[in-house]
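# A structural walkthrough
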Amino acid sequence: MKARFETQAIHVGSEPDPLTGAVIPPIHLTSTYAQESPGVHKGYDYSRADNPTREKYEQALAALEGAKYATAFSSGVAATSAVATLLSPGDHVICSDDTYGGTYRLFEKVYKKYGIEFSYVDTSNLKNIKLKKNTKLIWVETPSNPLMKISDIKGIASKKEDALLVVDNTFSSPYLLQPHTFGADIVIHSATKYLGGHSDLIGGAATTNDKKLFEEFKFIQKAVGAVPSPLDCYLAHRGIKTLALRMKAHSENGQRVAEFLAEHPKITKVFYPGLPSHPGHEIAKKQMRAFSGMVSFEFNGNVKGLISNMKYFTLAESLGGIESLVNHPASMTHASIPPAELKRRGIGHNLVRLSVGVEHPDDLLDDLSSVLSKY
Ligand SMILES: *Cc1c(COP(=O)(O)O)cnc(C)c1O
């Protein structure tokens, strides 16, 4: 019988070291490997191509996504870029219009000039998935960043024809959502966020069940060279061992915070898929195990004052760590998106995004309540 998620998270890629019995495998801090004679070695020749610490982390990642293969990259953006290098001039990409700002920047400022065409549409509405003859890729982020729109992965997969369906699963993590089981060809992650989970590393990954795609990713990993260090692989691997525990706590706290904000008279709108009023709630319930710790809301008072004076929510970019963070998308994470495009997407100056951590929820609610009484 196949082990369950929590068990795989702890055991896959974490077998005791055969040489010493060390329960935690050693970190292989080496750039190169001794060869007996030219080309005769133990399967490793240079750490950009292969490294045992990275390999074990990749095995664990693949298992958690329910995928055959995982490839680790030095950042989430590097993983996104690896996917983009699968494209050729003249290819067309359909992309969720509410994605991480850096994804938009990479597509618009880097890949567009190589003759790749991008359409940004609201993928939470299946009607907007309109393939062109040259559509090679559909890029979906669900829940999206920062408006928490939910896209129906199974529905999109049924319309994708020969295009590759890529899901950026950063906001859910594989504990809450396994996009491959709904038909995604590639899943990418910023391991910097929930996978690593402790705000102490930058990393990314791509998973797939397709051997040919995996071989392409392995090639790009080595040929382009955006590889994570053995130390970062170790940290990310250690992080995912507690992913299930953390995601349960993030989701419980996220729900409490979203419900609190929804009731608060000073808050005009809350974006959280765990609220029954959220337009994507029913689809989220079908494809996700819980709703994660990401909550956005609109506040029409002194936003700057509010977000700069919280006790436990630190004003910072990023998300998915054990500690709570608050972010102002329009001027921080999404500042690389032109103002007109921000407006079109509905990301205003009154929008605040929270990454709800795993502190005691009552302390988080006290913090929010106190700061909302002042601003
Ligand atoms: C942060 C983030 C990325 C980029 O990842 P990095 O590790 O910062 O390069 C991509 N997608 C989403 C949804 C993110 O939140």
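Residues numbered from 1 in each chain as written. Predicted model: local features only at pLDDT ≥ 70, side-chain atom pairs only at ≥ 80, totals over all residues. Heavy atoms only, no water.

### Let's talk about the domain arrangement of the protein
To keep it simple, the criterion reads: Where each domain starts and ends follows an automatic or database-derived domain assignment. It only takes one pair of heavy atoms within 4.5 Å for two residues to be counted as in contact. Here the quantity called buried area is the accessible surface, traced with a 1.4 Å probe, that two parts lose on coming together, added over both. In the sections that follow, a salt bridge refers to a side-chain nitrogen of Lys or Arg positioned within 4 Å of a carboxyl oxygen of Asp or Glu.
You can read the domains of the protein as domain 1 (5–241) and domain 2 (243–374). Computed from C-alpha atoms alone, the centre-to-centre distance between domain 1 and domain 2 is 25 Å. Contacts between the two partners involve 42 residues from domain 1, matched on the other side by 43 residues from domain 2. Summing both sides of the interface, domain 1 and domain 2 together bury roughly 3500 Å²; the carbon and sulfur share of this comes to 60%. Contact with domain 2 buries surface across domain 1, with Tyr-175, Leu-176 and Tyr-194 losing the most and accounting together for 22% of the total. Our enumeration of links across domain 1 and domain 2 arrives at one salt bridge.

### Some details on the pairing of strand β12 (residues 351–355)
The cut-off we apply is this: Only protein chains enter the area calculation, which uses a 1.4 Å probe; residues under 20% of their type maximum are buried, those over 50% are exposed, and those in between are partly exposed. In DSSP terms, a helix is any run of H or I states spanning at least four residues, a strand is any run of E spanning at least two, and both are numbered starting from the N terminus. Pairing between two strands is assigned when DSSP locates at least 2 bridges connecting them.
With five of its five residues buried, β12 lies for the most part within the structure. In β12, alternate side chains face the same way, and those of Leu-351, Arg-353 and Ser-355 on one face and Val-352 and Leu-354 on the other are all buried. Inspection of the sheet shows strand β9 (residues 294–299) paired to β12 by five bridges, in the antiparallel sense. Within β12, the residue paired with Met-294 across the bridge is Ser-355. When strand β11 (residues 325–327) meets β12, the two strands line up antiparallel, connected through three bridges. Residue pairing in the sheet places Asn-327 in a bridge with Arg-353 of β12.

### Points about the sheet that holds strand β1 (residues 69–73)
Threshold: Between N-to-C directions, angles cover 0 to 180 degrees, with each direction set by a line fitted to C-alpha atoms, over the stretch in contact for helices.
Reading across from one edge, β1-β7-β6-β5-β4-β2-β3 is the order of the seven strands in this open sheet, with mixed pairing throughout. Each edge of the open sheet carries a strand with a single partner, namely β1 and β3 (117–121). Across the sheet, the mean angle from the axis of one strand to that of its neighbour is 20 degrees, orientation sign disregarded. Two strands pair when backbone bridges link them, and strand β4 (residues 135–141) and strand β5 (residues 164–168) are joined in this way by five bridges, in the parallel orientation. By the bridge assignment, Trp-139 is partnered in β5 with Val-166. The strands touched by helix α2 (residues 52–65) within the sheet are β1, β6 (186–190) and β7 (204–208), with β1 carrying the most contacts at an inclination of about 125 degrees.

### Here's the deal with the packing of helix α9 (residues 243–263) against helix α13 (residues 361–374)
Filter applied, for reference: Angles are sorted into four bins: roughly parallel if under 35 degrees, roughly antiparallel if over 145, roughly perpendicular if 65 to 115, and oblique for all others. With the far helix as reference, a near helix turned anticlockwise by less than a right angle produces a left-handed crossing, and one turned clockwise produces a right-handed crossing. Asp, Glu, Lys and Arg are counted as charged, while Ala, Val, Leu, Ile, Met, Phe, Trp, Tyr, Cys and Pro are counted as nonpolar; the rest, among them Gly, fall into the polar class.
At their nearest, the axes of α9 and α13 sit 10 Å apart, and the two run at 30 degrees to each other. Taken as axis vectors, α9 and α13 run roughly parallel relative to one another. For the pair α9 and α13, the crossing hand works out as right-handed. On the side of α9, the interface is formed by Asn-253, Arg-256, Val-257, Phe-260 and Leu-261, while α13 contributes Pro-361, Asp-362, Leu-364, Leu-365, Leu-368, Ser-369 and Leu-372. Looking at the contact of α9 with α13 residue by residue, the classes come out as eight nonpolar, two polar and two charged.

### Notes on the site of the ligand
Basically, it comes down to this: Residues are classed as near a molecule or strand on a simple rule: at least one heavy atom within 4 Å of it. Polar contact criterion, stated in full: a pair of N or O atoms within 3.5 Å, where within protein one must be able to donate a hydrogen and the other to accept it, and residues adjacent in sequence count only if both atoms are side-chain atoms. For the area figures, the Shrake-Rupley method with a 1.4 Å probe applies, and any residue is considered shielded solely by the protein chains shown.
What surrounds the ligand is a group of 14 residues, the closest being Val-77, Asp-168, Ser-190, Thr-192 and Lys-193. Asp-168 places a side-chain nitrogen or oxygen 2.7 Å from a nitrogen atom of the ligand. Side-chain polar atom of Lys-193 to an oxygen atom of the ligand: 2.8 Å apart, as the coordinates give it. Coverage of the ligand by the protein chains reaches 94% of its 380 Å² of free accessible surface. Taken together, the residues of the shell around the ligand break down into four nonpolar, seven polar and three charged.

### Side note on the nonpolar core
Let me state the cut-off plainly: We call a set of buried Ala, Val, Leu, Ile, Met, Phe, Trp, Tyr and Cys residues a nonpolar core when their side-chain atoms join them within 4.5 Å.
In this structure, Leu-165, Leu-261, Val-270, Phe-297 and Leu-354 are the most contacted members of the largest nonpolar core, which totals 101 residues. Here this core spans two domains, and each of domain 1 (5–241) and domain 2 (243–374) adds at least three residues to it. Setting aside anything within four residues of it in sequence, one finds Phe-297 in contact with Leu-261, Ile-267, Lys-269, Val-270, Phe-271, Leu-306, Asn-350, Leu-351, Val-352 and Leu-354.

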